[in-house]
Amino acid sequence: MIKVTVPATSANVGAGFDSLGLAVSMHNVFTFEESDRIQIASSDGTHIPTGSNNLVFRSARAVYDQLGIPLKGLRITQRNDIPMARGLGSSSACIVAGILGANALLGDKLTSRQMLTLATAIEGHPDNVAPAMLGGFVTSVYDEGQVYSVKKCIDTELAFAAFIPDFRLLTSKARAALPAMVSHKDAVYNLSRAALATAAFCDGDYSLLGVATKDSLHQQYRLPLIEGGYEVFELAQDMGALAVYISGAGPTIMAVIHRDDTEFFDRVAAALPQNEKLRHFTVHRLLADNVGAAVEVQ
Ligand code: HSE
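Residues numbered from 1 in each chain as written. Predicted model: local features only at pLDDT ≥ 70, side-chain atom pairs only at ≥ 80, totals over all residues. Heavy atoms only, no water.

Draft legend 1. Here's a closer look at the side chain of Thr117. Within the secondary structure, Thr117 sits in helix 3 (residues 112-123). Sequence-distant contacts of Thr117, that is, excluding residues within four places in its chain, are made with Gly145, Gln146 and Val147. (Helix = DSSP H or I, 4+ residues; strand = E, 2+ residues; numbered from the N terminus. Contact = heavy atoms within 4.5 Å.)

Draft legend 2. Inspection of the site of the ligand at higher detail. Neighbouring the ligand are Asn12, Phe17, Asp18, His125, Asp127, Asn128, Thr171, Arg175, Arg222, Gly248 and Ala249. Between Asp18 and the ligand, the recorded distance is 2.5 Å, taken from a side-chain N or O atom to a nitrogen atom. Side-chain polar atom of Asp127 to a nitrogen atom of the ligand: 2.6 Å apart, as the coordinates give it. Here the ligand, which alone exposes 260 Å², has 97% of that area covered by the protein. By residue class, the composition of the shell around the ligand is two nonpolar, five polar and four charged. Looking at which domains feed residues into the shell around the ligand, each of domain 1 (2-153 + 289-297) and domain 2 (158-286) supplies at least three. (Near = heavy atom within 4 Å. Polar contact = N/O pair within 3.5 Å; in protein donor to acceptor, adjacent residues only side chain to side chain. Areas by Shrake-Rupley, 256 points an atom, 1.4 Å probe, with all protein chains shown as cover. Nonpolar A, V, L, I, M, F, W, Y, C, P; charged D, E, K, R; others polar. Domains from an automatic or database assignment.)

Draft legend 3. Structural view of the packing of aromatic side chains. For the structure on display, the rule yields three aromatic pairs. Ring centres 5.4 Å apart and planes at 75 degrees place the aromatic pair Phe264 and Phe265 in the edge-to-face group. Looking at Phe264, the relative accessible area reads 0%, which means it is buried. By relative accessible area, which is 13% here, Phe265 ends up buried. (Phe/Tyr/Trp six-rings, centres within 6.5 Å; stacked < 30°, edge-to-face > 60°. Buried < 20%, exposed > 50% of the residue type's maximum accessible area, 1.4 Å probe, protein only.)

Draft legend 4. Looking closely at the domain arrangement of the protein chain. With domains assigned, the protein chain is organised as domain 1 (2-153 + 289-297) and domain 2 (158-286). Taking only C-alpha atoms, the centre of domain 1 and the centre of domain 2 are 24 Å apart. With 25 residues of domain 1 at the contact, the number on the domain 2 side is 34 residues. Carbon and sulfur atoms make up 64% of the surface buried where domain 1 meets domain 2, a total of about 2,200 Å² over both sides. (Buried area = accessible area lost by both parts, 1.4 Å probe.)

Draft legend 5. Region of interest: the sheet that holds strand 10 (residues 281-286). Taken together, four strands build an open sheet; the order of strands is 8-9-7-10 and the sheet is antiparallel. Single-partner strands in this sheet number two, and they are strand 8 (243-246) and strand 10. Between one strand and the next, the sheet's axes are offset by a mean angle of 20 degrees, whatever the strand orientation. As paired strands, strand 8 and strand 9 (residues 253-258) are joined by four bridges and run antiparallel to one another. For Val244, the partnering residue across the bridge sits in strand 9 and is Ala255. (Pairing = 2+ DSSP bridges. Axes fitted to C-alpha atoms, helices over the stretch in contact; angles between N-to-C directions.)

Draft legend 6. Main features of the pattern of salt bridges. Tallied over the full model, the rule gives seven salt bridges. Two residues, Glu33 and Arg75, come together in a salt bridge whose shortest N-O distance is 3.6 Å. Of the two residues, Glu33 is situated in strand 2 (residues 20-35) and Arg75 in strand 4 (residues 73-80); the sequence distance between them amounts to 42 residues. Glu33 sits in the partly exposed class, given a relative accessible area of 28%. (Salt bridge = Lys/Arg side-chain N within 4 Å of Asp/Glu carboxyl O.)

Draft legend 7. Geometry of the packing of helix 1 (residues 55-67) against helix 2 (residues 90-105). One can describe the packing of helix 1 onto helix 2 by two numbers: an axis separation of 7 Å at closest approach and a directional angle of 40 degrees. Regarding the angle of helix 1 to helix 2, the classification is oblique. Here helix 1 and helix 2 pass one another in a crossing that is right-handed. Here helix 1 contributes Leu55, Val56, Ser59, Ala60, Val63 and Tyr64 to the contact with helix 2, which in turn contributes Ser91, Cys94, Ile95, Gly98, Ile99, Ala102, Asn103 and Leu105. Residues belonging to the contact of helix 1 with helix 2 are distributed by class as follows: ten nonpolar, four polar and no charged. (Parallel < 35°, antiparallel > 145°, perpendicular 65-115°, else oblique. Left-handed = near helix turned anticlockwise from the far one by under 90°.)

Draft legend 8. Representation of helix 9 (residues 229-238). Among all positions of helix 9, only Gly229, Glu231, Val232, Phe233, Leu235 and Ala236 are buried. Looking at the packing, one finds that the buried side of helix 9 touches strand 7 (158-165), helix 8 (219-222), strand 8, strand 9, helix 10 (263-271) and strand 10.

Draft legend 9. Up close: helix 1. Taking 1.5 Å as the rise per residue, helix 1 with 13 residues should run 18 Å; its terminal C-alpha atoms sit 19 Å apart, in good agreement. Along helix 1, the residues classified as buried are Leu55, Val56, Phe57, Ser59, Ala60, Ala62, Val63 and Tyr64. At the N-terminal boundary of helix 1, the capping side chain belongs to Asn54, with an oxygen 2.8 Å from the backbone nitrogen of Val56. (Expected span 1.5 Å × (residues − 1).)

Written out as structure tokens, the structure is:
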């Protein structure tokens, strides 16, 4: 049996739309066994598709197809700790698991880069699948069917506060809210900040993150889809976060904090029930995952 553990991810990191992403300490666990039919089960009661449309199975099948190997079925189990459609990379976790699981079953024929390229082709952009696979803070570019990525381990001095609401927001809906065209000014606003955020993570200068995670390409269009989103930004900033941004396509809002600022969570826990608009959010303390997806043969 092959066991694959994949971390949750937080994409965009503000300005780095479809490019930057980081992995955090929340994981889905998958198992894979050969089978002559499709047998898919959730080990935690989460409702998942159990047929050939299951994303883990579809991603595994892409590996078989790429290698020209026929596939009748697989036995797959999923444990889903990453909440679905919350901007924490649950789809990417399924894609990465399917690819890594199938590659392990088939004798590790694909390289990491081939697997990352395949995962990106399925997802459409690399900013979740790259940190899900590699861990850490990852800068990626998808160019002419190839993914180019640089991983930097995240400083253990940092922690993350994920404000997760009790409602879902589909990425397709959050992408449909974006304008087809943006101004040169907005493009420069973001590219300069995405570059600065990357440099700040590499250099360990976290005082830059507040400015470096500001954005004009997607957050202003998505916040109206996230009830209480503005209020969470304000709250996390008031409580001393180094940076606050919409995690992926939302609706989770991510705050970056100093790891030793444990009082941040006490302050937030006291403040959340005070505001009606914040009541459907729960805050989760997460650390960086610098390992990425792990494959074990059992
Ligand atoms: N970069 C993507 C987006 C992440 O913001 O739509 C979600 O898949």
